[in-house]
Amino acid sequence: MAAVRDVEIDLEGTFKYILVRLQRPGGQEPRDIVRGTKAAEFHNHIFEKVNPEMEKLGYECKCLGGGKIDHNSKDKKIRVFGLSTGYGKADHSVTVEILKKAYPDYEITWSDDKK
């Protein structure tokens, strides 16, 4: 699973994100990854891109939920909030822990606020 980055998000702005669980069939512990982009109009657009990429690498994917990320690279702040209408709300506390590994020098917070 080392070939798969834990986090792939846009460098700036507010955008939709999903929390995805990767699992090898009959294999290792599952692993959760975060994907988010302004290019996605809906959360399922992100999953529709990630799922085939991960399947090619031999993983099964499950979307655990979604929300929004507000990424301010200048101030080194990330805010995780909101929910996905289609997938439900991701566990933002899990998302924040994953983001902290990728952005150790950032202030990263989450809330159940919708905006």
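Keep in mind that what you see is a predicted model, and the values were worked out from it rather than measured.

This part takes up the nonpolar core. Ranked by size, the top nonpolar core spans 16 residues in total, and within it I9, V34, I69, I78, L99 and Y103 carry the most contacts. Put simply, the parts of the chain that give this core at least two residues each are β1 (7–9), β2 (13–23), β5 (77–81) and α2 (92–102). Not counting residues within four places of it along the chain, the set of residues in contact with V34 comprises D6, V7, E8, I9, Y17, I18, L19, I69, T95, I98 and L99. With 13 residues, the next largest nonpolar core counts L22, V50, M54 and C61 among its residues.

With 4 bridges joining them, β5 and strand β6 (residues 107–110) adopt parallel strand pairing. Across the sheet, V80 pairs through a bridge with W110, a residue of β6.

Rules behind the numbers
Residues numbered from 1 in each chain as written. Predicted model: local features only at pLDDT ≥ 70, side-chain atom pairs only at ≥ 80, totals over all residues. Heavy atoms only, no water. Core = buried A, V, L, I, M, F, W, Y, C linked by side-chain atoms within 4.5 Å. Buried < 20%, exposed > 50% of the residue type's maximum accessible area, 1.4 Å probe, protein only. Helix = DSSP H or I, 4+ residues; strand = E, 2+ residues; numbered from the N terminus. Contact = heavy atoms within 4.5 Å. Pairing = 2+ DSSP bridges.

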